[in-house]
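# Geometric and topological summary
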Amino acid sequence: MDGSKSLSTFGLFVLWFGAAVSVAEILTGGQLADLGLERGLWAVFLGHLAGMLPFALAAWAGFRERLPAIACTRVSFGARGSWIVSLLNALQLVGWTAVMVQQGGLAVNALTASLWGVSAPVLAPLLLGGLVGLWVCLQPRGLHVLNLAAVGLLFCLTLALSIVVFGGTPAEAPAAPTGSFGLGFELSIIMPLSWLPLVADYTSQARSRSGAWIASCLGYFLGSCWMYAIGLLGALRTGSADPSGMMLAAGLGGVALAVIVLATVTTTFLDVYSAAVSLRNVLPGLNRRAVSGAVALLGTALAVLAPSDAYIDFLYLLGSVFAPVAAVFLADYFLARADSRARLVDPLALFSLAAGVGIYQFLSGRDLPIGPTLATMLLTATLHLVLRAAERGLRKGRENGQAATRGAA
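Cut-offs applied
Residues numbered from 1 in each chain as written. Predicted model: local features only at pLDDT ≥ 70, side-chain atom pairs only at ≥ 80, totals over all residues. Heavy atoms only, no water. Helix = DSSP H or I, 4+ residues; strand = E, 2+ residues; numbered from the N terminus. Rg over C-alpha atoms; globule rule 2.2 N^0.38 Å. Buried < 20%, exposed > 50% of the residue type's maximum accessible area, 1.4 Å probe, protein only. Contact = heavy atoms within 4.5 Å. Areas by Shrake-Rupley, 256 points an atom, 1.4 Å probe, with all protein chains shown as cover. Lys, Arg positive; Asp, Glu negative; His and termini not counted. Charge placed at Lys NZ, Arg CZ, Asp CG, Glu CD. Polar contact = N/O pair within 3.5 Å; in protein donor to acceptor, adjacent residues only side chain to side chain. Core = buried A, V, L, I, M, F, W, Y, C linked by side-chain atoms within 4.5 Å. Phe/Tyr/Trp six-rings, centres within 6.5 Å; stacked < 30°, edge-to-face > 60°. Lys NZ or Arg CZ within 6 Å of the ring centre and 35° of its normal. Salt bridge = Lys/Arg side-chain N within 4 Å of Asp/Glu carboxyl O. Expected span 1.5 Å × (residues − 1).

Our focus in this paragraph is the overall build of the chain. Within the chain, the regular secondary structure consists of 17 helices and zero strands. The globule rule puts the C-alpha radius of gyration for 409 residues at 22 Å, and the 22 Å found for the chain is close to it. Dimensions along the principal axes, computed over C-alpha positions, put the chain at roughly 90 × 55 × 40 Å. Here the chain holds 409 residues, and the buried ones make up 55% of them. Sequence-distant contacts, at least 24 apart, represent 87% of the contacts inside the chain between residues at least 6 apart. Of the roughly 16600 Å² of accessible surface on the chain, a fraction of 69% belongs to carbon and sulfur atoms. In the chain, which carries 23 positive and 18 negative side-chain charges, the distance between the mean positions of the two groups comes to 15 Å.

What follows deals with the side chain of Arg-388. If you trace the backbone, Arg-388 turns up in helix 17 (residues 371–408). In this structure the side chain of Arg-388 is engaged in a polar contact, spanning 3.0 Å, whose partner is the side chain of Glu-391. The contact partners of Arg-388, leaving out residues within four places of it in the chain, are Ser-76, Asp-332, Ala-336, Ala-338, Ser-340, Asp-346, Leu-348 and Ala-349.

Within the largest apolar cluster, 97 residues are counted, with the highest numbers of intra-cluster contacts made by Trp-16, Phe-55, Trp-195, Tyr-202, Tyr-220 and Leu-270. Leave out the neighbours within four places in its chain, and Tyr-220 touches Trp-16, Phe-17, Ala-19, Ala-20, Glu-25, Met-52, Phe-55, Met-191, Pro-192 and Trp-195.

Counted according to the given criterion, the structure contains 17 aromatic pairs. Between the aromatic rings of Trp-16 and Phe-55, the centroid separation amounts to 5.3 Å while the plane-to-plane angle is 85°, which identifies the pairing as edge-to-face. With Trp-16 in helix 1 (residues 9–20) and Phe-55 in helix 3 (residues 37–65), the pair connects residues that are 39 residues apart, well separated along the chain. Here Trp-16 matches Phe-55 in class, with each residue buried. Put simply, the rings of Trp-16, Phe-55, Trp-195, Tyr-202, Tyr-220, Phe-269 and Tyr-273 touch in pairs and so form one group of aromatic residues. Its guanidinium or amino end placed over the ring of Phe-362, Arg-366 lies 4.2 Å from that ring's centre, counting from NZ or CZ.

In this section: the pattern of salt bridges. Overall, the coordinates contain seven salt bridges when judged by the stated rule. The salt bridge involving Glu-65 is made with Arg-341; its shortest N-O contact spans 2.9 Å. Of this pair, Glu-65 sits in helix 3 while Arg-341 sits in the loop between helix 15 (311–336) and helix 16 (347–363), and the two are 276 residues apart along the sequence. Relative accessible area serves as the criterion here: at 24%, Glu-65 is assigned to the partly exposed category. Accessibility expressed as a relative area gives 33% for Arg-341, which makes it partly exposed. The closest approach of N and O atoms between Asp-346 and Arg-388, which form a salt bridge, is 3.0 Å. Within this pair, whereas Asp-346 is found in the loop between helix 15 and helix 16, its partner Arg-388 is found in helix 17, the two being separated by 42 residues in sequence. Each member of the salt-bridge network shares a partner with another, and the members are Asp-332, Arg-343, Asp-346, Arg-388, Glu-391 and Arg-395.

To continue, consider helix 3. If you check helix 3, its first and last C-alpha atoms are 42 Å apart, about what 29 residues at 1.5 Å a residue would give, namely 42 Å. Looking one or two residues beyond helix 3, the residue adopting positive phi is Arg-66, at roughly 55°.

Before going further, it helps to examine the environment of Ala-59. In this fold, Ala-59 is placed in helix 3. Classification of Ala-59 as buried rests on a relative accessible area of 0%. A C-alpha to C-alpha distance of 8.5 Å links Ala-59 and Ala-69, two positions 10 residues apart in sequence.

Put into structure tokens, the structure is as follows:
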């Protein structure tokens, strides 16, 4: 995927649909089962709809500037200030790699143990991580062709999975579901928002405006809502949010195994690729394939060693940093029209980012109708716009004062 204007509209749709089809998305959808079917589906739809607005704006900015996502943040944070965002993004992408490989490995191990009596809790994530590493080594043209073929097969397999899951009768939801709608909304919005630090890595290479944001948004929105719905309905049918358990209960076996392997590889590749892009913002001479391979290796090691129950906590942690980063950048780029690319560091943007992290920590754990992440973004953007207006007012006042002094002289 290296090179300017290399991704077609259809290619971007396929890329982002493939990104959405993952064990992690099915697992998160299963977490909404205590909302019941109707409220759970509304939480999925509204949460994704809200998350796609900043996703679309970030995609459009990348296309317009022809810059990767982290390079775009120089607009707010300055050339060296963006290094902080680069390093944080690379760190979270290593974490996402570990999560994807770990969740995929757990599902693969459960399926192989049930189907063939073979349990390999360490070997399964190692094999998945190895496949991601092989994906990294492919040349751009070969990667594009293979990715199209993989996502096409993945679509067919997911369709088969959906027919089984949707065809059954979900267990009756309680008369008064006990789940918090705000929590369901939060778990739905966090997925599209988690891609904000890397969406422009791909839309900056789009051949057309429609491909940059319409195809990307449509591909991810449809794919992610579909995965959440599978997870939600599967959990209602089986009583478990575990993707491998619901697939086994649905009698899928080999189809489920193929879905998990392909989905893990096509999604995780985006993480390791973008981690390299982020680090090259700091050290432009880094080799993209070598860094991507190192990220795949490190993420796989963490997948084997880290506890699996840290998954939801990891999702919440993402919101505490990257929701404020996105809020500051989008407010500057689309509303304040600020541009700090000529500066090394923009202290005001860093202050707004720190304040946003504090806002998220304050709101985290509170049962808000729109969840803490969206609330944090709205409050951080508002604060940042006020500070930008005050900064411009002070600057204009100084300029007028200097002009008056020169005039008097």
